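# Summary of structural features
Each chain is listed here by its residues.
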Amino acid sequence: MYFEWKEEYEMGVEVVDRQHKKLLSIGRKLMTLIRTTDIIENFEEIKLIMNELRLYTIEHFSREEQFMKENGYPDLTSHAMEHEFLRKKLKQIYKLEQPDHETIIRLIAFVSDWISGHILITDMKIRNHLLQARKA
Ligand SMILES: [Fe+2]
């Protein structure tokens, strides 16, 4: 299932975990709507939720970047570049005019896979950094 929360996403940082859960729940809401309604007829509603996802992503990434700064995380620049990639991608998707059903599902599925991979690989590096710092 797309945008599904998995235990392995847990970073142990309350604010980040809570935001990841919310991000995924907006994604699930969007995916359900795209799958169960007529995309042409309900395009305005789909656009609203796409915008909600886009705006929440911006808020979350900025909070996560602030958290990395506060904790002296050494790979902030490359991590923030990944964030920038998704921010741009969501803007492109949001700006699409009348995309067909297949295209929109493929793009939103791509976003789901991207978020999942980003949490598991890139965000988990923050977790490892925090664990190392605690040990030192
Ligand atoms: Fe991140």
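## Focus: helix H3 (residues 76-95)
For H3, built from 20 residues, the straight-helix expectation of 28 Å at 1.5 Å per residue is met to within 8% by its first-to-last C-alpha distance of 28 Å. Every buried residue of H3 is accounted for by Leu-76, His-79, His-83, Leu-86, Leu-90 and Ile-93. For H3, the buried positions fall inside an angular range of 115° around the axis, keeping them on one side. What points out from H3, more than 90 degrees from its buried face, is the exposed set Thr-77, Met-81 and Lys-95. Tucked inside the fold, the buried residues of H3 contact helix H2 (43-70) and helix H4 (101-135).

## Let's talk about the side chain of Thr-57
You can see Thr-57 is positioned in helix H2. Taking relative accessible area as the criterion, Thr-57 reaches 0% and is therefore assigned buried. Of note is the side chain of Thr-57, whose polar atom sits 2.6 Å from the backbone oxygen of Leu-53. Other than its neighbours up to four places away in sequence, Thr-57 contacts Leu-23, Leu-86 and Leu-90.

## Observations concerning the nonpolar core
Counting 40 residues, the largest nonpolar core has Leu-30, Ile-104, Ile-108, Val-111 and Ile-115 as its most contacted members. For this core, the secondary-structure elements that each account for two or more residues are helix H1 (14-36), H2, H3 and H4. Here the element with the most residues in this core is H4; it accounts for 12 residues. Excluding its chain neighbours within four sequence positions, the residues that come into contact with Leu-30 are Ile-46, Ile-49, Met-50, Leu-53 and Ile-108.

## Brief notes about the pattern of salt bridges
Tallied over the entire structure, the rule returns three salt bridges. With its nearest N and O atoms 3.3 Å apart, the salt bridge here joins Glu-14 to Arg-18. Highlighted residues: Glu-14 and Arg-18, both in helix H1, separated by four residues, approximately one helical turn. Residue Arg-87 pairs with Glu-84 through a salt bridge whose shortest N-O separation is 3.0 Å. With a gap of three residues between them, Arg-87 and Glu-84 both fall in helix H3, about one helical turn apart.

## Topic: the environment of Leu-86
Along the chain, Leu-86 turns up in helix H3. Taking C-alpha positions, Leu-86 is 29 Å from Ala-133, a pair spaced 47 residues apart along the chain. In contact with Leu-86, other than residues within four places in its own chain, are Thr-57, Phe-61, Val-111, Trp-114 and Ile-115.

## Let's talk about H4
In a regular helix each residue adds 1.5 Å, so 35 residues correspond to 51 Å; H4 covers 50 Å between its end C-alpha atoms and thus fits that length. A maximum bend of about 40° is found in H4 at Ile-119. N-capping of H4 is provided by Asp-100, with a side-chain oxygen placed 3.1 Å from the backbone N of Glu-102.

## Looking at the side chain of His-118
As for its position among the elements, His-118 is in helix H4. A polar atom in the side chain of His-118 sits 3.2 Å from the side chain of His-79. Here Glu-82 takes part through its side chain, which lies 2.8 Å from a polar atom of the side chain of His-118.

## Looking at the environment of Arg-106
Tracing the sequence through the fold places Arg-106 in helix H4. Separated by 79 residues in the primary sequence, Arg-106 and Gly-27 have C-alpha atoms spaced 13 Å apart.

Thresholds applied
Residues numbered from 1 in each chain as written. Predicted model: local features only at pLDDT ≥ 70, side-chain atom pairs only at ≥ 80, totals over all residues. Heavy atoms only, no water. Helix = DSSP H or I, 4+ residues; strand = E, 2+ residues; numbered from the N terminus. Expected span 1.5 Å × (residues − 1). Buried < 20%, exposed > 50% of the residue type's maximum accessible area, 1.4 Å probe, protein only. Arc of directions from axis to C-beta. Contact = heavy atoms within 4.5 Å. Polar contact = N/O pair within 3.5 Å; in protein donor to acceptor, adjacent residues only side chain to side chain. Core = buried A, V, L, I, M, F, W, Y, C linked by side-chain atoms within 4.5 Å. Salt bridge = Lys/Arg side-chain N within 4 Å of Asp/Glu carboxyl O. Bend = angle between axes of the 7 residues up to and from the residue.

These figures capture arrangement, not role.
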